[in-house]
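Spelled out from the first residue to the last, the chains are:
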Amino acid sequence: MQKLYERKNPRINVKKKMRQVSQSRVVQTVTSRFRTPTTNFIVKTSVAFVVLVALTVLFPTEEGPTLQVAISLFTTIFFIYDWLKSKLRAFFYGYASYFAVLFFM
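As the structure is a prediction and not an experimental result, all values here were calculated from the model.

Calculation notes
Residues numbered from 1 in each chain as written. Predicted model: local features only at pLDDT ≥ 70, side-chain atom pairs only at ≥ 80, totals over all residues. Heavy atoms only, no water. Patch = residues over 30% accessible without salt bridge, like charges linked within 9 Å, V, L, I, M, F, W, Y side chains within 5 Å. Areas by Shrake-Rupley, 256 points an atom, 1.4 Å probe, with all protein chains shown as cover. Salt bridge = Lys/Arg side-chain N within 4 Å of Asp/Glu carboxyl O. Lys, Arg positive; Asp, Glu negative; His and termini not counted. Charge placed at Lys NZ, Arg CZ, Asp CG, Glu CD. Helix = DSSP H or I, 4+ residues; strand = E, 2+ residues; numbered from the N terminus. Axes fitted to C-alpha atoms, helices over the stretch in contact; angles between N-to-C directions. Parallel < 35°, antiparallel > 145°, perpendicular 65-115°, else oblique. Contact = heavy atoms within 4.5 Å. Nonpolar A, V, L, I, M, F, W, Y, C, P; charged D, E, K, R; others polar.

*Asks:* Let's hear about a positive patch on the surface: which residues, and what values?
*Replies:* A grouping of K15, K16, K17 and R19 is seen on the molecular surface, where their side chains present a positively charged patch. Within the secondary structure, K15 sits in helix α2 (residues 14–22).

And the structure:
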């Protein structure tokens, strides 16, 4: 009876399975392909989104989305500059992405 119970309810060692999965070649390839952003970057983007949400809630119809679009454009340029370290390229990439969004929407 004990063997029947063990077959029906096998014990799975989760730590061992997770180790096997994380050491597999496919998972190693996928995880090496992407970079995890730094905590500083995550905090900066979170604060930017919180400010945008707060402004959207506080000023829903007075100024329309103009203020939110301007802040979004500024933060886009800021984050691109943080990545590229070139003000001119960040400016052009930011405005190009802005107009691409306007064109495709």
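*Asks:* Can you explain a nonpolar patch on the surface? Please cite residues and give values.
*Replies:* On the surface, a cluster of nonpolar side chains totalling about 430 Å² of accessible area is made up of L88, F91, F92 and Y93. Examined against the element boundaries, F92 turns out to sit in helix α6 (residues 87–104).

*Asks:* Quick one: what's the story with the packing of helix α4 (residues 39–58) against helix α5 (residues 66–84), residue by residue and with numbers?
*Replies:* The geometry of α4 relative to α5 is characterised by a closest axis approach of 10 Å and an angle of 175 degrees between their N-to-C directions. Taken as axis vectors, α4 and α5 run roughly antiparallel relative to one another. Where α4 abuts α5, its residues F41, K44, T45, A48, L52, L55 and T56 lie against L67, Q68, I71, S72, T75, F78, F79 and D82. Grouping the amino acids of the contact of α4 with α5 by side-chain chemistry returns eight nonpolar, five polar and two charged.

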